[in-house]
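Coordinate analysis (summary)
Here's the letter readout for the chains.
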Amino acid sequence: MRYGCWLIDNIKFSGNDFSKKIMFEGKEIDILITNFQNSKEIKEPFKDWIHNRIINFGMMNMLNCPIPLDSIYILTLNGYDSENSKNFTSLFKLCLKLVYYQPSFVSHTAEYIPKVAITMPNWQGYRHSQNISKLEINSETFDKVLSYFETLNSLEISHSHIFEEIYKISGIDDFLLELLSLYSFIEGFWWNQKGKSNLTDSFLAMLGKDYAPEKENKEKREIIKSTIKSQNGLLRNPKLDDMRHILAHGMYKHEENSWNMEQWNAIHEQRNLLFELVSESMINRIKNVAQQRTELKNK
């Protein structure tokens, strides 16, 4: 039996702890989301683990990792089986990364194994970002972590590699290049026709086939399209593909120094929106593929 802990750096938090539950291999695991200040009130051995181990270790290694006093802590309050612990921790961390993507940063799993070992958070791949994350960890956003986990854990299909590739885009640490990369991914991945690809058609295919399919979700698709067009209109033309046009053809190098705060906010918001659209669309796509395979087997 072992217990897990993940730290998240560069993320908003109200200061109010909250708890969640997650199912893994038939067992319910209790999860606490807290910060350094509130963790002073939690029960042992978690208080000692955080304050006398993780904090002390982190303060001595601040050159290579975030300051642990500023991090958010995610703890499993009851243990999970050691036999399949890697499956649980790897998938849970992946889901945390997809919801709390960079410039927020999720540590590798720290584990407490009673009477055996205590491991510290590993921040491999971390680098200080010049950007401040607008993401917030709260009960509502954490529900998406649980939803992603439940979906991916139920599927007998390989998925981690494609999500890791998408996650890497969020770590370029340049919102303009990240936006361009996301648009390039959308155009290529959702283009199923012959000949030269078209971003607008690929974007609509992503929305209509994977993100929000069927007639009952038409309004949801229209809201996304309207949001993108409105954001693009602040910079130049209110068209779905205009941001990609500005970035791919180098026009932004002539204009970025004149953009105002409203325009930069539109760019940041669109970058976050695209990352979330791509992640959720891929989750739905993988789920649908798995369901189709199951139906074929049952025929």
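Everything that follows concerns the structure shown earlier in this document.
Throughout what follows, the structure given in this document is the object of discussion.

Thresholds applied
Residues numbered from 1 in each chain as written. Predicted model: local features only at pLDDT ≥ 70, side-chain atom pairs only at ≥ 80, totals over all residues. Heavy atoms only, no water. Helix = DSSP H or I, 4+ residues; strand = E, 2+ residues; numbered from the N terminus. Rg over C-alpha atoms; globule rule 2.2 N^0.38 Å. Contact = heavy atoms within 4.5 Å. Areas by Shrake-Rupley, 256 points an atom, 1.4 Å probe, with all protein chains shown as cover. Lys, Arg positive; Asp, Glu negative; His and termini not counted. Charge placed at Lys NZ, Arg CZ, Asp CG, Glu CD. Core = buried A, V, L, I, M, F, W, Y, C linked by side-chain atoms within 4.5 Å. Buried < 20%, exposed > 50% of the residue type's maximum accessible area, 1.4 Å probe, protein only. Disulfide = S-S within 2.5 Å. Axes fitted to C-alpha atoms, helices over the stretch in contact; angles between N-to-C directions. Parallel < 35°, antiparallel > 145°, perpendicular 65-115°, else oblique. Nonpolar A, V, L, I, M, F, W, Y, C, P; charged D, E, K, R; others polar. Pairing = 2+ DSSP bridges. Expected span 1.5 Å × (residues − 1).

**Remarks on the overall build of the chain**
Secondary structure assignment for the chain yields 10 helices and seven strands. Scaling as 2.2 N^0.38, a compact globule of 299 residues should have a C-alpha radius of gyration of about 19 Å, and the chain matches this with 21 Å. With the principal axes as the frame, the chain shows a C-alpha extent of 60 × 60 × 30 Å. Sequence separation of 24 or more characterises 72% of the internal contacts of the chain that already satisfy a separation of 6 or more. In the form shown here, the chain has an accessible surface area of approximately 15,400 Å², with 48% of it arising from carbon and sulfur atoms. Counting 36 positive and 38 negative side-chain charges, the chain places the averaged centre of each group 4 Å from the other.

**Remarks on the nonpolar core**
Ile74, Phe92, Ile137, Phe142, Phe163 and Phe203 are the most contacted members of the largest nonpolar core, which totals 89 residues. Sorting elements by how many residues they give to this core places helix H10 (residues 261-298) first, with 10 residues. Among residues more than four places away in sequence, those in contact with Ile74 are Gly4, Cys5, Trp6, Ile8, Ile31, Leu32, Ile33, Phe92, Leu96, Ile137 and Phe142.

**As for the environment of Trp264**
Structurally, Trp264 can be placed in helix H10. The exposure class of Trp264 is partly exposed, given its relative accessible area of 24%. C-alpha of Trp264 to C-alpha of Leu234: the two residues are 30 residues apart in sequence and 9.6 Å apart in space.

**Examining the state of the cysteines**
This structure, assessed with the given rule, holds zero disulfides. Lacking any disulfide linkage, Cys5 is separated from the closest cysteine sulfur, that of Cys65, by 13 Å. By relative accessible area, Cys5 is classed as buried at 0%.

**Points about the packing of helix H5 (residues 175-189) against helix H6 (residues 199-211)**
Close contact between H5 and H6 brings their axes to 8 Å; oriented N to C, the two are set at 80 degrees. Looking at the two axes, H5 sits roughly perpendicular to H6. Every residue of H6 that contacts H5 at Tyr183, Ile186 and Glu187 is listed here: Leu199, Ser202, Phe203 and Met206. Of the residues that constitute the contact of H5 with H6, the class distribution is five nonpolar, one polar and one charged.

**Description of the pairing of strand S1 (residues 3-9)**
In terms of burial, S1 is largely enclosed, as seven of its seven residues are buried. Pairing analysis gives three bridges linking S1 to strand S6 (residues 110-113), with the strands arranged antiparallel. Note on S6: the bridge partner recorded for Tyr3 is Tyr112. Of the strand pairs in this sheet, S1 and strand S4 (residues 72-76) are connected by four bridges, and their pairing is antiparallel. When the bridges of S4 are listed, Cys5 appears paired with Leu75.

**Some words on helix H2 (residues 85-99)**
When the terminal C-alpha atoms of H2 are compared, their 21 Å separation across 15 residues agrees well with the 21 Å that a helix rising 1.5 Å per residue should span. The element H2 is largely enclosed, with a buried count of 12 among its 15 residues. By the burial criterion, the buried members of H2 are Ser85, Phe88, Thr89, Leu91, Phe92, Lys93, Leu94, Cys95, Leu96, Lys97, Leu98 and Val99.

**Examining the pairing of S4**
Most of S4 is tucked away: five of the five residues are buried. A two-sided burial pattern is seen for S4, the buried positions comprising Ile72, Ile74 and Thr76 on one face and Tyr73 and Leu75 on the other. Bridge count between strand S3 (residues 27-35) and S4: five bridges; the pairing is antiparallel. Bridge pairing in S4 places Asn35 opposite Ile72.

**A short note on unusual backbone geometry**
For the peptide bond that leads from Glu44 to Pro45, omega is 5 degrees, which places it in the cis range. Within the secondary structure, Pro45 sits in the loop between S3 and helix H1 (46-60). Looking along the chain, the bond that leaves Gln102 and enters Pro103 is cis, with omega of 20 degrees. Inspection of the secondary structure assignment puts Pro103 in the loop between H2 and strand S5 (105-106). Despite not being glycine, Lys115 shows a phi value in the positive range, around 65 degrees. With respect to the helices, strands and loops of the structure, Lys115 is situated in the loop between S6 and strand S7 (117-118).

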